Amino acid sequence: MNDVTTLTLREAAAAISQGRLRSEALVEACLDRIERLQPALNCFIRVTAADALAKARMADQAVKAGHSLGPLHGVPLAHKDMFYRAGEVCSCGSKIRADFVPDHTATVLSKLDAAGGIELGRLNMAEFAMGPTGHNDHFGRCRNPWNVEHITGGSSSGSGAAVAAGLAFGALGSDTGGSVRLPAAACGVVGIKPTLGCVSRYGTMPLSQSLDCIGVLARNVGDCARLFSVIAGADARDGMSSRVPLLDYVRSVDDAAAAGSLAGVRIGVPDRYYYDGIDPEVAELLAASRVVLEKQGAKIVDVPIGDHGALNDLSNAILWPEAAGLHLQWLRERPQDYAPQTRARLLVGLGVPATLYVEAVRGRARLLEEFLRETLSACDVLHVPVLKRSVPTAAETDVGGSAAMSQVLGQIVANTRPFNLLGVPGLSVPIGFTRNRLPQAMQLVARPFREDLLFRVGAAYEAGSGGHAERPPL
Amino acid sequence: MSGPAGGVASRAALERVIADIGVNVNADDVDAVARSLERIQTAAAPLLQSLSFDETSERYYRLLEADALDGAGR
């Protein structure tokens, strides 16, 4: 085999479990690549090479003994540094928690471990997952593998960059306002924000209990579906975890490979907001992606949609009071230890009246009902951009806590945040490149717990378009 | 801060509220919070008009699951 880091996750897992590739060799190849590219990309906060190699050797021994460790047997992964593992530092991308050692392990990590995944280390992220660009004043900015002058998107910045750069085969991220979908889009990988409650949050850093979702990023839809099938499901240790039965996400991807696999699927294009003011070259890419979906049998339909600009603003009435409540002690005692932008955003939560917060939380039922009735009854999957413009440069978005912050950051999350308020699932799928050779993505949105349909449509798009398997020029 | 959060009086009230919580802020901080509040309140007014007693967060979570369990589109 040539460069084993170019395999897909599913190819790598199959090669290891069939004895055609040693997990140790694959982990070593990833570690070599990390060593070479970390200075340029700054994806990792910490690399746990010795642990990863030891686990890889165990995975290889299991193959020799005829044992399967699961669907991720011996595959190298890396995760945003906000998933707790008992006894190991978890910085949450912050100075404040630089030495925090949790006493319990996140359910999602336990599930990935049990499926045979091997953790290479911890990835860079926005401070406390608050920031959609990839800037981090404490650990340095994570850089986009396609062009290091551009942002990775955030807050799961290292997850997007590491997967795109071939440093890991998949990564956990969190999505409270777009933090999986944005870095997936900006870095040219696939990312899923699940339905609220579909993935356990036990042992993960909280930001906003009403909005936080745990998702995964991978190089293609099939890999993403496999990882998602491992982490999804009810967890008694997460009080907001749902018991809705899971669907077969991997089969959804397999079914999508056939020509015409989207026959009968209606893809909706909203009549306002999501495409308003879009950059023409981004609009062209999205139009081309709809042509591919149409060729796969889907029907493209125009659909009505409510005032999602207002939903975007309203989500701040929930996110920031919940975040500020969590951070209150540190806001009082250690304000200097936050980056100015993080502190400025948290302060918003202190000004939101309690009654407005409660009304916003209660109002979600009405808003979801309207969305399901008016929009998702007219289509099966909504098709919208993740970003309305090409991926910005780091300089363009380096606004700190200034007066420009709200507008600049608001534009980045404008198309992702409404779906966090509604709680519905969203999948970011690469659709090509703008003229500056930065990736672009479509965002597919479905009814609650229909992640299977998102994977099916995403995989059918990849099959019809040939995918976007090109790697960054590193 | 119900009412015009951008007004001088409300900014002063906002500053007092945050100070009472025990967090130190300056005038720029308060201005930024007030601007964000204005946007939130502008958005909230039409969306949350006349919420009934029965429109609860539990209803939202029930709806999320019921939509799936009812088999809508499944």
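Residues numbered from 1 in each chain as written. Chains lettered and ligands numbered in written order. Predicted model: local features only at pLDDT ≥ 70, side-chain atom pairs only at ≥ 80, totals over all residues.

S.K.: What exactly am I supposed to notice about the overall build of chain B here?
M.R.: Scanning chain B for helices and strands turns up three helices and zero strands. Reading chain B from its N end, one meets helices and strands in the order α-α-α. Buried positions account for 34% of the 74 residues belonging to chain B. (Helix = DSSP H or I, 4+ residues; strand = E, 2+ residues; numbered from the N terminus. Buried ≥ 20, exposed ≤ 12 C-beta atoms within 10 Å, placed from the backbone.)

S.K.: Looking at this structure, I do not really get the overall build of chain A. What am I missing?
M.R.: Scanning chain A for helices and strands turns up 16 helices and 11 strands. Taken over the C-alpha trace, chain A has a radius of gyration of 21 Å; the compact-globule value for 474 residues is 23 Å, and the two agree within 12%. Principal axes of the C-alpha set define a box for chain A whose edges measure 60 × 60 × 45 Å. Expressed as a percentage of its 474 residues, the buried residues of chain A come to 61%. (Rg over C-alpha atoms; globule rule 2.2 N^0.38 Å.)

S.K.: What's the story with the interface of chain B and chain A in this structure? I'm lost.
M.R.: As a measure of interface size, the accessible area lost when the parts come together is often cited. Contact with chain B, which involves 37 residues of that partner, is made by 41 residues of chain A. Residue assignment for the side of chain B that touches chain A shows that the elements contributing at least two residues are helix H1 (8-21), helix H2 (27-47) and helix H3 (57-69) of chain B. Looking at the side of chain B that touches chain A residue by residue, the classes come out as 23 nonpolar, seven polar and seven charged. (Contact = placed C-beta atoms within 7 Å. Nonpolar A, V, L, I, M, F, W, Y, C, P; charged D, E, K, R; others polar.)

S.K.: Help me understand helix H7 (residues 221-231) of chain A in this model?
M.R.: Residues and elements named next belong to chain A. Of all 11 residues that make up H7, 11 are buried, and the element is covered over most of its length. Those residues of H7 not exposed but buried are Val-221, Gly-222, Asp-223, Cys-224, Ala-225, Arg-226, Leu-227, Phe-228, Ser-229, Val-230 and Ile-231. In the segment just after H7, Gly-233 is the residue with positive phi, at about 125°.

S.K.: Can you walk me through the confidence of the model for chain B in this structure?
M.R.: The predicted coordinates should not be examined in detail at positions where pLDDT is low. Residues and elements named next belong to chain B. Looking at chain B as a whole, the pLDDT averages 86, with 82% of positions reaching at least 70. Summarising per-element confidence for chain B, the mean pLDDT is lowest in H1 (86) and highest in H2 (94). Here residues 1-7 is modelled with pLDDT under 50, and outside its nearest four sequence neighbours on either side it reaches 17 contacts, counting other chains as well. (pLDDT = per-residue confidence, 0-100.)

S.K.: Which parts of the structure should I look at to understand the sheet that holds strand E3 (residues 118-123) of chain A?
M.R.: Strand pairing in a sheet relies on backbone hydrogen bonds, with the paired strands running either antiparallel or parallel. Residues and elements named next belong to chain A. With mixed pairing, 11 strands are arranged side by side in an open sheet as E1-E3-E2-E4-E6-E5-E10-E11-E9-E7-E8. One side of each edge strand has no neighbouring strand; the edge strands of this open sheet are strand E1 (44-47) and strand E8 (299-303). Strand-to-strand twist in this sheet, taken as the mean axis angle between neighbours without regard to direction, amounts to 30°. Bridge analysis of strand E10 (residues 426-433) against strand E11 (residues 439-445) gives seven bridges, and the strand direction is antiparallel. (Pairing = 2+ DSSP bridges. Axes fitted to C-alpha atoms, helices over the stretch in contact; angles between N-to-C directions.)

S.K.: Hey, could you run me through the pairing of strand E2 (residues 76-80) of chain A in this one?
M.R.: Along a regular strand, successive side chains alternate from one face of the sheet to the other. All names here are of chain A. Summarising burial for E2: five of the five residues are buried, a large majority. Judged from the four bridges that link them, E2 and E3 form a sheet pairing that is parallel. When the sheet's bridge partners are listed, Leu-77 is paired in E3 with Glu-119. The β-α-β motif built from E2, the intervening helix H4 (residues 107-114) and the parallel element E3 has right-handed crossover chirality. Here two bridges tie E2 to strand E4 (residues 170-175), and the two strands are oriented parallel to one another. Counterpart to Ala-78 in the pairing with E4 is Ala-171. (Right-handed = clockwise from strand over helix to strand, strands pointing away.)

S.K.: I tried to follow helix H11 (residues 316-333) of chain A on my own but got confused; where do I start?
M.R.: Structurally, the α-helix is built with 3.6 residues per turn, so residues lying three or four positions apart point the same way. Under the 1.5 Å per step criterion, the end-to-end length of H11 of chain A is 24 Å for 18 residues, consistent within 8% with the ideal 26 Å. For H11 of chain A, the principal kink sits at His-327 of chain A and spans about 65°. Every buried residue of H11 of chain A is accounted for by Asn-316, Ala-317, Ile-318, Leu-319, Trp-320, Pro-321, Glu-322, Ala-323, Ala-324, His-327 and Leu-331 of chain A. Of the surrounding secondary structure, the elements contacted by the buried residues of H11 of chain A are helix H10 (308-314), helix H12 (340-351) and helix H13 (354-375) of chain A together with H2 of chain B. (Expected span 1.5 Å × (residues − 1). Bend = angle between axes of the 7 residues up to and from the residue.)

S.K.: Just to check I follow, could you spell out the packing of H12 of chain A against H2 of chain B for this structure?
M.R.: Interaxial distance between H12 of chain A and H2 of chain B falls to 9 Å at its minimum, and their mutual angle equals 65°. The chirality of how H12 of chain A crosses H2 of chain B is right-handed. Contacts between H12 of chain A and H2 of chain B pair Ala-344, Leu-347, Val-348 and Gly-351 of chain A from the former with Asp-29, Ala-32, Val-33, Ser-36 and Leu-37 of chain B from the latter. A breakdown of the residues in the contact of H12 of chain A with H2 of chain B according to their chemical character gives six nonpolar, two polar and one charged. (Left-handed = near helix turned anticlockwise from the far one by under 90°.)

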